[in-house]
Amino acid sequence: MNTADAEQIGILCDDDQPVFTAVAGRLRDAGHTVRFFDPRSELSPSHIDDLALLVNKQVFPLNIPALRYARRTGTSLWNNLAATIALSSRLIGLQALEAVGFRTPRITFEKPDSEYVAKPYYIWNGDPELNGEGDFYQELIPTKPVDYKYYAVNDGTRVHTTAKRVTSKLYAPKRFLSQVRSRPTLRRRLRRLVDRLGLRGVGVDFVKDNEDRFWAVDVNLAAGYRNSGLEPALCKSISTSLPDR
């Protein structure tokens, strides 16, 4: 079992990520020790042994052995390992979204005749591309070039949700447009996803078609939570994920 100080927290995330930098500041003010780890660098067992909790915000394949080691030796993970691995697959992620009731676009493994979004199988292998090359192809829903990003954070007592509008990366660099009032049906299904998979934090991307229907197009455990206002909830979620002394 891990014998490290139970207040020592690692965050697998770039140390200049604005939301988690702010969250780390809150955690330090509360008396915790916080260290950032480059998600693109391999974590060693000695790194894990010094921690009571690893906030696996962003994961690449080279970190999976370290996450397995953490679970085996008693270092807690913020998002559970099974969900972290499963939702790294975009196809599994889409199945999970369907299972909790979200509407998702049609998938093919050959390029369709109409416009489409090309995607790699795994989230770490690149971004979706409009009408490009991919491992699979998702029907392009006719819509404005705007995405709706919904976030959920489980603080151990309640699941906080929020939503925002951003420009779609399929057409131009992503840009924040506004916060929006989340739709009750989408909010309920998002909380259902959190409960079923035992998640602490997750983001889901939607597009809205011309009939005012929302389509879930991606699920993301590496969400950045920018312009979400969820810093207090993230801080509490991480604090309550620490093992009991």
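Notes on the structure follow.

### Overview of the overall build of the chain
For the chain, the count of helices and strands is 7 helices and 13 strands. At 18 Å, the chain has a C-alpha radius of gyration in line with the 18 Å of a compact globule built from 245 residues. By principal-axis analysis of the C-alpha atoms, the chain measures approximately 60 × 35 × 30 Å. Of all 245 residues assigned to the chain, the portion counted as buried reaches 50%.

### Here's the deal with the pairing of strand E13 (residues 214–220)
The element E13 is extensively covered by neighbouring structure, given that 6 of its 7 residues are classed as buried. Relative to E13, strand E12 (residues 201–208) runs antiparallel, the two being bridged by 6 bridges. Along E13, the bridge assignment pairs Phe 206 with Ala 216. Hairpin connection of E12 to E13: 5 residues between the antiparallel strands, including Asp 212 at a positive phi of 70°.

### Things to note about the nonpolar core
Grouped together as the largest cluster of nonpolar side chains are 26 residues, with contacts concentrated most on Leu 97, Phe 102, Leu 190, Leu 193, Val 202, Val 204 and Phe 206. The set of elements that each furnish at least two residues to this core consists of helix H5 (90–99), strand E9 (146–154), strand E10 (159–167), helix H6 (184–197), E12 and E13. Setting aside its immediate chain neighbours within four residues, Phe 102 contacts Leu 97, Leu 186, Arg 189, Leu 190, Phe 206 and Ala 216. Residues Cys 13, Tyr 151, Tyr 225 and Ile 238 belong to the second largest nonpolar core, which totals 24 residues.

### Remarks on the sheet that holds strand E1 (residues 8–12)
Spatially, E2-E1-E3-E4 is the arrangement adopted by the 4 strands of the open sheet, whose pairing is parallel. At either end of the open sheet lies a strand with only one pairing partner, and these are strand E2 (33–37) and strand E4 (76–77). When strand E3 (residues 53–55) meets E4, the two strands line up parallel, connected through 2 bridges. By the bridge assignment, Leu 53 is partnered in E4 with Ser 76. On top of the sheet, helix H1 (residues 18–29) reaches E1, E2 and E3; it is set at about 155° to E2, its chief contact.

### Observations concerning the sheet that holds strand E8 (residues 136–139)
The strand order across the open sheet formed by 4 strands is E5-E8-E6-E7, and the pairing between neighbours is antiparallel. Edge strands, defined here as strands with exactly one partner in the open sheet, are strand E5 (107–108) and strand E7 (129–130). By the bridge criterion, 2 bridges tie strand E6 (residues 116–119) to E7 in an arrangement that is antiparallel. For Ala 118, the partnering residue across the bridge sits in E7 and is Glu 129. Against the sheet, H5 engages E5, E6 and E8, with an angle of about 35° to E8.

The rules we used
Residues numbered from 1 in each chain as written. Predicted model: local features only at pLDDT ≥ 70, side-chain atom pairs only at ≥ 80, totals over all residues. Heavy atoms only, no water. Helix = DSSP H or I, 4+ residues; strand = E, 2+ residues; numbered from the N terminus. Rg over C-alpha atoms; globule rule 2.2 N^0.38 Å. Buried < 20%, exposed > 50% of the residue type's maximum accessible area, 1.4 Å probe, protein only. Pairing = 2+ DSSP bridges. Core = buried A, V, L, I, M, F, W, Y, C linked by side-chain atoms within 4.5 Å. Contact = heavy atoms within 4.5 Å. Axes fitted to C-alpha atoms, helices over the stretch in contact; angles between N-to-C directions.

By themselves, these figures tell us nothing about what the structure is for.
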